[in-house]
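Structural characterization, general
Spelled out, the chains give:
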Amino acid sequence: MNNQIKPVTYVISLLTLVFGMSVTSMVHADKGYVHFDNDGKLVRPVGYREWIYVGTPLTPNDMNNGKAAFPEFHNVYIDPVSWAHWKKTGEFRDGTLIVKELVSVGTKSSSSGKGYFMGDFLGLEAVVKDRKRFPASSQHWGFYRFTTDDHKTLLPTSRVMKEESCAACHKASAKQDMIFLQHYPVLQASKGLGEKGIGGK
Ligand code: HEC
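Below is a summary of the structure that appears in this document. (Residues numbered from 1 in each chain as written. Predicted model: local features only at pLDDT ≥ 70, side-chain atom pairs only at ≥ 80, totals over all residues.)

**Some words on the overall build of the chain**
A count of helical and extended segments in the chain gives four helices and nine strands. What you see in the chain, going N to C, is helices and strands ordered as α-β-β-β-α-β-β-β-β-β-β-α-α. By sequence separation, contacts in the chain at least 24 residues apart represent 51% of the contacts at least 6 residues apart. (Helix = DSSP H or I, 4+ residues; strand = E, 2+ residues; numbered from the N terminus. Contact = placed C-beta atoms within 7 Å.)

**Section: the site of the ligand**
For the ligand, the set of nearby residues contains 23 residues, the closest of which are P57, H74, C166, C169 and F180. For the shell around the ligand, the elements supplying multiple residues, two or more each, are strand 3 (73-78), strand 4 (97-105), strand 7 (118-129), strand 8 (141-145) and helix 3 (167-173). (Near = placed C-beta within 6 Å.)

**Regarding unusual backbone geometry**
Although it is not a glycine, N65 sits at a positive phi angle of roughly 50°. Structurally, N65 is set in the loop between strand 2 (52-55) and strand 3. Positive phi is not limited to glycine here, since M178 has a value of about 70°. By secondary structure assignment, the location of M178 is in the loop between helix 3 and helix 4 (185-190).

**Here's the deal with helix 2 (residues 80-89)**
Listed in full, the buried residues belonging to helix 2 are S82, W83 and W86. The arc that holds the buried residues of helix 2, viewed along the axis, is 105°, so those residues lie on one side. Where helix 2 is buried, its residues meet strand 2, strand 3, strand 4 and helix 4. (Buried ≥ 20, exposed ≤ 12 C-beta atoms within 10 Å, placed from the backbone. Arc of directions from axis to C-beta.)

**Focus on the sheet that holds strand 7**
With antiparallel pairing, the five strands of this open sheet are ordered in space as 2-3-4-7-8. Each of the sheet's edge strands pairs with one partner strand only, and the pair in question is strand 2 and strand 8. Ignoring strand direction, the axes of neighbouring strands in this sheet form an average angle of 30°. By the bridge criterion, six bridges tie strand 3 to strand 4 in an arrangement that is antiparallel. Each bridged residue has a counterpart across the sheet, and for Y77 the counterpart in strand 4 is V99. Helix-sheet contacts for helix 2 involve strand 2, strand 3 and strand 4, and the interaxial angle to strand 3 is about 75°. (Pairing = 2+ DSSP bridges. Axes fitted to C-alpha atoms, helices over the stretch in contact; angles between N-to-C directions.)

**Structural notes on the environment of D149**
With respect to the helices and strands, D149 occurs in the loop between strand 8 and strand 9 (157-158). Judged by C-beta crowding, with 8 C-beta atoms within 10 Å, D149 ranks as exposed. Separated by 26 residues in the primary sequence, D149 and G123 have C-alpha atoms spaced 9.6 Å apart.

Read these as spatial facts, not as claims about activity.
Spelled out as structure tokens, the structure:
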């Protein structure tokens with residue numbers, strides 16, 4: 001009896017193995033934008049200027065008594081796979097990577113008038129959603145900073161920041177799941193709307 005069952009068991013085991021492997025590689029491919037090194041540091045995302053651009057908040061020094069906490073432009077991008085998920089579900093999926101590129105305020109006038117115009121690239125920060133890696137207390141987000149204090153060099157990797165340095169402020173004021181949705185019209189206009197949310201066809 002046992003001898004008759006065994007081949008079937010082998011086939012099932014083989015199928016489980018093959019299926020299991022393909023699921024693993026799918027999950028891996030799905031997280032293709034997020035890379036951690038062997039020490040668990042996040043490797044600086046690259047190529048993000050070709051991702052989906054969601055907005056540019058700015059809190060300039062001269063509107064904040066000369067000492068804004070973050071006086072630069074913040075160009076914010078979301079990775080394309082998480083953008084597809086956002087359009088479909090209106091949620092930030094596990095594996096979401098959002099980067100914020102810092103750009104100085106450059107000139108304050110142009111032929112169009114007085115204002116704030118972008119100057120130089122100053123740095124890069126990122127948030128990653130990963131349920132296994134980050135605790136519920138930070139709503140499973142990890143916060144990263146790749147900028148040196150003098151804003152002159154970008155670091156190749158970043159350790160996760162302490163929750164009190166970054167996550168606390170996001171938790172207190174961001175509109176959805178620690179992300180400042182209220183400042184990103186592109187994400188608001190596309191939330192759960194699929195292809196209807198992309199600005200027309
Ligand atoms: C004082 C509150 C505050 C602190 C502290 C703070 N942030 Fe933010 N963060 C914001 C606000 C407000 C926005 C959206 C508007 C903007 O960029 O100015 C934002 C946006 C972001 C974004 C774009 C995605 C999003 O959530 O909207 C990233 C990435 C980010 N912050 C990373 C960080 C990192 C890394 C730290 C810690 C080094 C940090 N933040 C600390 C208030 C804060």
